[in-house]
Amino acid sequence: MNFAVGLKPLLAEARSMESLEKQLICPICLEMFTKPVVILPCQHNLCRKCANDVFQASNPLWQSRGSGAGPSGGRFRCPSCRHEVVLDRHGVYGLQRNLLVENIIDIYKQESARPLHAKAEQQLMCEEHEDERINIYCLRCEAPTCSLCKVFGAHKDCEVAPLPAVYQRQKSELSDGIAMLVAGNDRIQAIITQMEEICRTIEENGRQQKQHVGLRFDSLCSILEERKKELLQSIAREQEAKVQRVRGLIRQYGDHLEASSKLVETAIQAMEEPQMAVYLQHSKELLKKITDMSKVSMSSRPEPGYESMDHFSINVDHVAEMLRTIDFQPEALGEDDGDGPTDSSEGVGDEESLEAPEAAEDVGPRQKPLSSPHGQH
């Protein structure tokens, strides 16, 4: 006995119901006919309401004409075949109702409202004995069958059992299988939840470690900036002192040049004096001033190389090389493998706390000799 054969009438009925539903669709509203249903002269059907809407759209003045003394009608075209429908003074209310279609709609709705399992039970009939319902289960063939098949048919030598008993047993087995799957799904969900928590922990630990490393490097940058500021201040102090000294000498030489120029101008004016007596009265004093001016020493000047600032050069190659060797401590990584992700933050923090001061101490003492030439100059 093929169990699928028993479902053929049910599938056929479903297809028939679907086909019938297509025939009960109004071409205007595209839904199932709403009673009352009217039939047109062309034998097509419409909901009375839809027919009235079409008629009113085609005859907007029909009511005013209908209210007159004489009889008046109207016309519209069938939406299915475009056949012209001529109506009397009663309008669509003068069209005949299609009671057959209305009855078919009622039967269709009743059949559609019936439970599916009730239809299936009615349709599961034996293929070989059409009047016999399937009521037993062949254990050897593992297929439902009817009593006549057990007595006279293909299952007469098979062991059978009541259909409800087999149904309950297999349903219980299926229920146990579902419970087992649900339990397995619960375990898988627990594992997924645990892994998601691990991901969150990794992300949080990574964020903390990034923050700690950033703080350590910010500390190193602060030390470098502080040392840079000190060295630049040393250069600025010596630069200012040297510039002030040279500018002082410039002012001194400028004053001497101005005085000498005025004396030269006075001497030239004296030489242009035509009277000898007047000239001789002032020449002796003028010669004395020229002699004193020429004796003034102008030997004070910056020594050679005074403008050089090369003694402030620094070499940071060793510091840069040392900074490039900063890395995580192997001990911290080992503890991270053994104790969990949170231990790495302490390892990195300890490593950075040891290396950062070392870098600061290395930068500081190495730069002290650089400022010593300032005292020499």
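These numbers were taken from a predicted model, which means no experiment stands behind them.

### Structural notes on helix α2 (residues 48–58)
For an α-helix, 3.6 residues make a turn, and residues three or four places apart therefore share a direction.
Here's step 1: Along α2, the residues that are buried comprise C50, A51, V54 and F55. Down the axis, α2 shows its buried residues gathered within 135° of arc, on one side only. Relative to its buried face, α2 has exposed residues pointing more than 90 degrees away, namely K49 and A57.

### Examining the state of the cysteines
Here's step 1: What the rule picks out here adds up to zero disulfides.
Here's step 2: Distance from the sulfur of C138, which forms no disulfide, to the nearest cysteine sulfur (C141) is 3.6 Å.

### Focus: the environment of S294
Here's step 1: Among the secondary structure elements, S294 is positioned in helix α8 (residues 276–295).
Here's step 2: Taking the relative accessible area as the measure of exposure, S294 reaches 58% and is therefore exposed.
Here's step 3: Separated by 34 residues in sequence, S294 and S260 place their C-alpha atoms 8.9 Å apart.
Here's step 4: Within the structure, the side chain of S294 is placed 2.7 Å from the backbone oxygen of T291, a separation counted as a polar contact.

### With respect to the nonpolar core
Here's step 1: By size, the foremost hydrophobic cluster in this structure holds 24 residues, and its most contacted members are L24, F33, L40, L46, F76, L87 and I105.
Here's step 2: Broken down by secondary-structure element, the contributors of at least two residues to this core are β1 (37–39), β2 (45–47), α2, β4 (84–87) and α4 (99–113).
Here's step 3: Element by element, the count of residues in this core is highest for α2, at four residues.
Here's step 4: If sequence neighbours within four positions are ignored, L46 has contacts with C26, P27, I28, F33, P36, V37, V38, L40, A51, F76 and P79.

### Examining the packing of aromatic side chains
Here's step 1: For the structure on display, the rule yields one aromatic pair.
Here's step 2: An angle of 70° between the planes, with centres 6.2 Å apart, marks the rings of F55 and F76 as edge-to-face. In this pair, F55 is assigned in helix α2 and F76 in strand β3 (residues 74–77), connecting sequence segments 21 residues apart. With respect to burial, F55 and F76 carry one shared label: buried.
Here's step 3: The lysine or arginine in question, K242, covers the ring of Y306, its NZ or CZ lying 5.1 Å from the ring centre.
Here's step 4: The ring centre of Y306 lies 4.8 Å from the NZ or CZ of R245, which sits over that ring.

### Some words on the sheet that holds strand β7 (residues 160–162)
By definition, the strands of a sheet pair up through backbone hydrogen bonds, in either a parallel or an antiparallel sense.
Here's step 1: Taken in spatial order, the three strands of this open sheet run β6-β5-β7, and their pairing is antiparallel. Each edge of the open sheet carries a strand with a single partner, namely β6 (143–145) and β7. Mean inter-strand twist for the sheet, computed between neighbouring axes without regard to direction, equals 35°.
Here's step 2: Where strand β5 (residues 136–138) lies against β7, three bridges are found, and the strand directions are antiparallel. Considered in β7, the bridge of Y137 is made with A161.
Here's step 3: The sheet strands contacting helix α7 (residues 163–271) are β5, β6 and β7, and the helix crosses β7 at an angle near 85°.

Cut-offs used in this document
- Here, residues in each chain are numbered from 1, in the same order as that chain's written sequence.
- Two thresholds apply to this predicted model, a pLDDT of at least 70 for residue-level local features and 80 or more for giving and counting side-chain atom pairs, whereas whole-chain, interface and lining totals are computed over all residues.
- Side-chain descriptors were evaluated using all non-hydrogen atoms of the structure, hydrogens and water having been removed beforehand.
- Relative accessible area decides the class of each residue, using a 1.4 Å probe on protein chains only: under 20% of the type maximum gives buried, over 50% gives exposed, and in between gives partly exposed.
- A run of H or I in DSSP counts as a helix once it spans at least four residues, and a run of E counts as a strand once it spans at least two, with each numbered from the N terminus.
- Think of the arc as the fan of directions from the helix axis to the C-beta atoms.
- We call a pair of cysteine sulfur atoms a disulfide whenever their separation is within 2.5 Å.
- Under this definition, polar contacts are N or O atom pairs within 3.5 Å; protein pairs additionally need one hydrogen-donor-capable and one acceptor-capable atom, and for neighbouring residues in sequence, both atoms have to be side-chain atoms.
- To form a nonpolar core, buried Ala, Val, Leu, Ile, Met, Phe, Trp, Tyr and Cys residues must be joined to one another through side-chain atoms within 4.5 Å.
- Any pair of residues with heavy atoms lying within 4.5 Å of one another is described as a contacting pair.
- Classification of ring pairs uses Phe, Tyr and Trp, with its six-membered ring standing for Trp, and accepts pairs whose centres are within 6.5 Å; under 30 degrees between planes counts as stacked, over 60 as edge-to-face, and the remaining range as tilted.
- In this scheme, the term charge over a ring applies when either NZ of a lysine or CZ of an arginine sits within 6 Å of the ring centre and within 35 degrees of the ring normal.
- If DSSP finds at least two bridges between two strands, the strands pair.
- Axis definition: a line fitted to C-alpha atoms, limited for helices to the stretch in contact. Angles are taken between N-to-C directions and run from 0 to 180 degrees.

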